[in-house]
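Read off the chains here:
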Amino acid sequence: LLRRGVDSLIIACRYRPLPLLKLALCVLHCSSPFVVFHEFMEPLVECYLYLQQTGVALRLVLSDTWLREFQTLPGRVRPEMYMPTSGGYLLSGIYVGTVPGPFPRPLQTTHSNQQASSNLASQQQQLDMEEDED
């Protein structure tokens, strides 16, 4: 399935989304929308800067998913008095270019290409783990 690529991408995680986003963009078709959800804004700012600096995405939008809950009582409705300030943050955009990554861009693979891509994927994971340690 991933060899043919995907038309859209949704990422929601509790940890740093940038390493996952880098790998997932490699299988995303050009002109495809993507969205990344995270509870905090800082990891999404990191993704935003990466996408902006590499120039692989357009229409980047970082937004808040504020939600107001309402209390419904017989004969009346009012906003909740105590509610969280944020429900999380979204980074959305449109993928427009090839990103350097562990997967070969021509999606037709041979046995030697599969070995090369798996070697590159393991190297990329090692690099990401080293970045996380720093």
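Residues numbered from 1 in each chain as written. Predicted model: local features only at pLDDT ≥ 70, side-chain atom pairs only at ≥ 80, totals over all residues. Heavy atoms only, no water.

S.K.: Would you take a moment to explain the overall build of the chain for this structure?
M.R.: From N to C terminus, the chain includes three helices and six strands. Along its sequence from the N terminus, the chain presents helices and strands in the succession β-α-β-α-β-β-β-β-α. Scored against the burial criterion, the 134 residues of the chain give a buried share of 27%. Here the contacts in the chain between residues at least 6 apart in sequence split such that 70% fall between residues at least 24 apart. Counting only carbon and sulfur atoms, one obtains 56% of the accessible surface of the chain, whose full area is about 9,300 Å². (Helix = DSSP H or I, 4+ residues; strand = E, 2+ residues; numbered from the N terminus. Buried < 20%, exposed > 50% of the residue type's maximum accessible area, 1.4 Å probe, protein only. Contact = heavy atoms within 4.5 Å. Areas by Shrake-Rupley, 256 points an atom, 1.4 Å probe, with all protein chains shown as cover.)

S.K.: Is there a simple way to think about the sheet that holds strand β1 (residues 9-12) in this case?
M.R.: Strand pairing in a sheet is mediated by backbone hydrogen bonds. Such pairs are either parallel or antiparallel. Taken together, the four strands give an open sheet; going across it, the order is β1-β2-β6-β3, and neighbouring strands pair in mixed fashion. Two strands in the sheet have a free side with no partner beyond their single neighbour: β1 and β3 (57-64). Pairs of neighbouring strands in the sheet enclose a mean axial angle of 10 degrees, with direction left out of account. Of the strands in this sheet, β1, β2 (32-38) and β6 (89-95) touch helix α1 (residues 18-25), which is tilted by about 165 degrees from β1. (Pairing = 2+ DSSP bridges. Axes fitted to C-alpha atoms, helices over the stretch in contact; angles between N-to-C directions.)

S.K.: I keep staring at the environment of L9 and nothing clicks. Help me out?
M.R.: Structurally, L9 can be placed in strand β1. Aside from chain neighbours lying at most four places away, what touches L9 is L21, A24, L25, L28, P33, F34 and V35.

S.K.: Hey, could you run me through the nonpolar core in this one?
M.R.: It is characteristic of soluble globular proteins that their nonpolar side chains tend to be buried jointly. By size, the foremost hydrophobic cluster in this structure holds 19 residues, and its most contacted members are L9, L21, L25, F34, L51 and L91. Broken down by secondary-structure element, the contributors of at least two residues to this core are β1, α1, β2, α2 (41-54), β3 and β6. Beyond its immediate stretch of four places on either side in the chain, F34 contacts L9, L28, L51, A57, L60, L91, S92, G93, I94 and Y95. (Core = buried A, V, L, I, M, F, W, Y, C linked by side-chain atoms within 4.5 Å.)

S.K.: Explain α1 to me, please; I cannot follow it from the model alone.
M.R.: Working note: α-helix, 3.6 residues per turn, so residues spaced by three or four point in the same direction. With six of eight residues buried, α1 is to be regarded as a mostly interior element. Regarding α1, the residues found buried are L18, P19, L21, K22, A24 and L25.

S.K.: Where do I start with the pattern of salt bridges in this structure?
M.R.: Where charged atoms of side chains with opposite charge meet at close range, the side chains can pair. According to the stated counting rule, one finds one salt bridge in the structure shown. Among the salt bridges present, the one from E46 reaches R16, with a minimum N-O distance of 3.3 Å. With E46 in helix α2 and R16 in the loop between β1 and α1, the pair connects residues that are 30 residues apart, well separated along the chain. Its relative accessible area of 30% is what places E46 among the partly exposed residues. (Salt bridge = Lys/Arg side-chain N within 4 Å of Asp/Glu carboxyl O.)

S.K.: How should I be thinking about the environment of P43 in this particular structure?
M.R.: Checked against the element boundaries, P43 lands in helix α2. Separated by 25 residues in the primary sequence, P43 and L18 have C-alpha atoms spaced 7.4 Å apart. Excluding residues that lie within four positions of it along the chain, P43 makes contacts with P17 and H38.

S.K.: What am I meant to see in the side chain of S32 here?
M.R.: Turning to its location among the elements, S32 is positioned in strand β2. The exposure class assigned to S32 is buried, which follows from its relative accessible area of 4%. Of the polar contacts made by the side chain of S32, one reaches the backbone oxygen of D7; its length is 3.1 Å. Once residues lying within four places of it in the same chain are set aside, the contact partners of S32 are V6, D7, S8, G93, I94 and Y95. (Polar contact = N/O pair within 3.5 Å; in protein donor to acceptor, adjacent residues only side chain to side chain.)

Honestly, it's all geometry; don't read function into it.
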